[in-house]
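Per-entry structural report
What follows is each chain in one-letter form.
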Amino acid sequence: MRDIGTGFGYLVKGQRWAAGHGRSLGVGLLPGLITLVLYVGALIGLAFGADDVVGWATPFADGWSSPWLGLFRGFLTALVFALGLFLAVISFTAVTLLVGQPFYEKLSADVDRARSGGAAPESGLSLRRELWISARDSLRVLVRVSCYGLLLFGLGFVPVIGQSVIPAIGFCVTGFFLAEELTAVALQRRGMELRPRLALLRSRRLLVLGFGVPLALAFAVPLVAVFLMPGAVAGATLMVRDLLGEPDAPQGDDAEPGGDVGAAGAAPAAC
């Protein structure tokens, strides 16, 4: 259980790092704002159109008497919107990271330099190649998440657990894959492909959930995801260093694990 607290600590330390680097934070907000506008429009469209979709998909209920017809279709409409929100939370991170790829890679590298005393792993790939790999892996993750989402959507009809246990599992799934998307920035710079990345995260599942689940809960609040993204990337980079057992430079020895990198990151390269 200690790993859960450690994972949450990396999230907090990442936000502190971003807050201490105003220029990086400001630029890092732009990709999230662009993505947010697109997603808000899509969710508004889903909110207005979900009842029509449910009505089209359940013609067998047209003859049901009141109030059963309204309750049944209202419940299904809420589930459709919840599924859309679930997918939006997951894909928001992937799309934002893709839009802001150059910035987030530099931010992640700056955190590595601050912790290692100046060195940061580099993939050696061109920007076009990195964008292609990121988009390809994000699509693969989205397919996996969609499968989990459909399964959880179906289980949502089960009495009692569908309204209690299943939502909790849903946030755990969301948190795990959010963490995967965010740690991918640092791990791709280290040349790690999707499958080894997933195996690495599963090896410290509680640590990853401690980082990702609070972030998933926060991302469910409008606008919050935009402001947390730069710090989330920084925190994910700190967590990657822990997962890979990468030591800190001597000047970081006095800091707690996953500690504040703000002081060490104050070098010009961090801006």
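Residues numbered from 1 in each chain as written. Predicted model: local features only at pLDDT ≥ 70, side-chain atom pairs only at ≥ 80, totals over all residues. Heavy atoms only, no water.

Along its length, the protein carries 9 helices and 0 strands. Mapped in sequence order, the helices and strands of the protein form the string α-α-α-α-α-α-α-α-α. Whereas a compact globule of 271 residues would reach a radius of gyration of roughly 18 Å, the protein reaches 20 Å, a difference of no more than 12%. If you line up the protein on its principal axes, its C-alpha atoms span 75 × 35 × 30 Å. When burial is assessed residue by residue, the protein has 44% of its 271 residues classed as buried. (Helix = DSSP H or I, 4+ residues; strand = E, 2+ residues; numbered from the N terminus. Rg over C-alpha atoms; globule rule 2.2 N^0.38 Å. Buried < 20%, exposed > 50% of the residue type's maximum accessible area, 1.4 Å probe, protein only.)

Further remarks concern the pattern of salt bridges. Inspection of every chain in the model, using the stated rule, returns 17 salt bridges. Residue Arg 197 is joined to Asp 137 by a salt bridge in which the shortest nitrogen-to-oxygen separation is 3.3 Å. In this pair, Arg 197 is assigned in helix α7 (residues 194–203) and Asp 137 in helix α5 (residues 127–155), connecting sequence segments 60 residues apart. Here the two residues Arg 197 and Asp 137 agree in accessibility, since each one is buried. Taken together, the salt bridges that share partners define one network made up of Asp 112, Arg 115, Arg 189, Arg 190, Arg 241, Glu 246 and Asp 248. (Salt bridge = Lys/Arg side-chain N within 4 Å of Asp/Glu carboxyl O.)

Because an α-helix completes one turn every 3.6 residues, residues spaced three or four positions apart along the sequence face the same direction. Taking 1.5 Å per residue as the helical rise, helix α4 (residues 101–116) with its 16 residues ought to reach 22 Å, and the 22 Å between its terminal C-alpha atoms agrees with that figure. Within α4, 12 of the 16 residues are buried, leaving the element largely enclosed by the surrounding structure. Those residues of α4 that fall on the buried side of the exposure criterion are Gln 101, Phe 103, Tyr 104, Glu 105, Leu 107, Ser 108, Ala 109, Asp 110, Val 111, Asp 112, Ala 114 and Arg 115. At the C-terminal side of α4, Gly 117 shows a positive phi close to 90°. (Expected span 1.5 Å × (residues − 1).)

Now for the confidence of the model for the protein. Across the protein, pLDDT averages 81, with 91% of residues at or above 70. At the level of individual helices and strands, the protein shows its lowest average pLDDT in helix α3 (residues 68–99), which scores 80, and its highest in α7, which scores 93. Across residues 252–271, confidence stays below pLDDT 50; counting only partners more than four residues off in sequence or on other chains, it has 38 contacts. (pLDDT = per-residue confidence, 0-100. Contact = heavy atoms within 4.5 Å.)

On to the side chain of Asp 110, then. Here Asp 110 lies in helix α4. At 3.0 Å, the side chain of Asp 110 forms a polar contact with the side chain of Arg 113. (Polar contact = N/O pair within 3.5 Å; in protein donor to acceptor, adjacent residues only side chain to side chain.)

This part covers the environment of Thr 237. Within the fold, Thr 237 resides in helix α9 (residues 224–243). Of the residues examined, Thr 237 reaches a relative accessible area of 1% and is grouped as buried. Along the chain, Thr 237 and Tyr 10 lie 227 residues apart, while their C-alpha atoms are 8.8 Å from each other.

This paragraph deals with the nonpolar core. Formed by 53 residues in total, the largest nonpolar core has its most connected members in Phe 177, Leu 182, Phe 211 and Val 233. When residues of this core are assigned to their parent elements, the largest contribution, 11 residues, is made by α9. Apart from the residues within four sequence positions on either side, Phe 211 is in contact with Gly 7, Phe 8, Tyr 10, Leu 11, Ala 179, Leu 182, Ala 232, Gly 235, Ala 236 and Met 239. (Core = buried A, V, L, I, M, F, W, Y, C linked by side-chain atoms within 4.5 Å.)

Together, Arg 144, Arg 195, Arg 202 and Arg 205 make up a region of like positive charge exposed at the surface. By secondary structure assignment, the location of Arg 202 is in helix α7. (Patch = residues over 30% accessible without salt bridge, like charges linked within 9 Å, V, L, I, M, F, W, Y side chains within 5 Å. Areas by Shrake-Rupley, 256 points an atom, 1.4 Å probe, with all protein chains shown as cover. Lys, Arg positive; Asp, Glu negative; His and termini not counted. Charge placed at Lys NZ, Arg CZ, Asp CG, Glu CD.)

Let's shift gears to the packing of α3 against α5. A pair of packed helices is characterised by two quantities: the angle between their axes and the separation of those axes. The N-to-C vectors of α3 and α5 enclose an angle of 165°; their axes lie 10 Å apart at closest approach. Our classification of the angle between α3 and α5 gives roughly antiparallel. Along this stretch, α3 crosses α5, giving a crossing that reads as right-handed. Touching Leu 79, Val 80, Leu 83, Phe 86, Leu 87, Ile 90, Ser 91, Ala 94 and Leu 98 of α3 are Leu 131, Ser 134, Ala 135, Ser 138, Leu 142, Val 145, Ser 146, Gly 149, Leu 150 and Phe 153, all from α5. For the contact of α3 with α5, the residue count by class is 14 nonpolar, 5 polar and no charged. (Axes fitted to C-alpha atoms, helices over the stretch in contact; angles between N-to-C directions. Parallel < 35°, antiparallel > 145°, perpendicular 65-115°, else oblique. Left-handed = near helix turned anticlockwise from the far one by under 90°. Nonpolar A, V, L, I, M, F, W, Y, C, P; charged D, E, K, R; others polar.)

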